[in-house]
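What the coordinates show
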Amino acid sequence: MGLVMGTFSMQSKPVNYHRDKIDDDLEMTMVCHRPEGLEQLEALTNFSKRELQVLYRGFKNECPSGVVNEDTFKQIYSQFFPHGDASTYAHFLFNAFDSAHTGSIKFEDFVTALSILLRGSITEKLQWTFNLYDINRDGYINKEEMTDIVKAIYDMMGKYTYPVLKTDAPKQQVDAFFQKMDKNRDGVVTLDEFILSCQEDENIMRSLQLFENVI
């Protein structure tokens, strides 16, 4: 779950909210895509209006046009993993944020996903993570998909984080994943199996709570 965080730099300095609201209203009219109103986003997410203003400023700083395409997303995300190649994992992550499959991420897409990852229920967080791993969106995680994800994570972390890996390391990781998650041994992991297995794992449950107070 931690690998999903930190996608965009967020400004944490004190904010003059009255001035910022005026600035935001002016600047929103200048971008290619204008986000939904703060009231609408507040109703759709678990963030307050003030938190949404701060998040919007961070998003706008990285994406002045109001939208981000996959190439820009990869460039931003790769900054957090300078010793590895984050492009493949960023591709999977981009597709998870781009839930409507439009080829770009709007502020609404970004903040809705972030709301789930930071403030959502355990089930919501696990559903979002399952969708990230279910690359072909068929409702199951198969071994090929999980292998692609594991290899992408190894590539992203790079040689300075991990010792030299054996060529069968991804396969061992995937086998361990399926040994734990594939309850009925049919070769695929369903959403129900995934949620149940994660809820049984104390380490996973702790990791889901790490970012709840980020903002």
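Residues numbered from 1 in each chain as written. Predicted model: local features only at pLDDT ≥ 70, side-chain atom pairs only at ≥ 80, totals over all residues. Heavy atoms only, no water.

The first and last C-alpha atoms of helix H8 (residues 143-157) sit 21 Å apart over 15 residues, in line with the 21 Å expected at 1.5 Å per residue. For H8, the set of buried residues is Glu145, Met146, Ile149, Val150, Ala152, Ile153, Tyr154, Met156 and Met157. Two or three places before glutamate 144, at the start of H8, stands the capping residue asparagine 142, its side-chain oxygen 3.1 Å from that residue's backbone nitrogen. Following H8 by one or two positions, glycine 158 has its phi on the positive side, about 80°. (Helix = DSSP H or I, 4+ residues; strand = E, 2+ residues; numbered from the N terminus. Expected span 1.5 Å × (residues − 1). Buried < 20%, exposed > 50% of the residue type's maximum accessible area, 1.4 Å probe, protein only. Polar contact = N/O pair within 3.5 Å; in protein donor to acceptor, adjacent residues only side chain to side chain.)

Between its terminal C-alpha atoms helix H9 (residues 169-181) stretches 18 Å, which fits the 18 Å expected from 13 residues at 1.5 Å a residue. Every buried residue belonging to H9 is among Ala169, Pro170, Val174, Phe177, Phe178 and Met181, and all of these are buried. The elements touched by buried residues of H9 are strand S3 (140-142), H8, strand S4 (188-190) and helix H10 (191-199). (Contact = heavy atoms within 4.5 Å.)

With that settled, the discussion passes to the UniProt feature "domain: EF-hand" (unreviewed entry) in the protein chain. Under the feature "domain: EF-hand" (unreviewed entry), the UniProt entry names residues 85-120, 121-156 and 169-204. Secondary structure across residues 121-156 divides into 72% helix and 8% strand, with the first and last C-alpha atoms of the span separated by 28 Å. Within residues 169-204, the helical portion is 69% and the strand portion 8%, while the C-alpha atoms at the span's ends are 21 Å from each other. (UniProt positions renumbered as here; feature names shortened; annotations may be inferred.)

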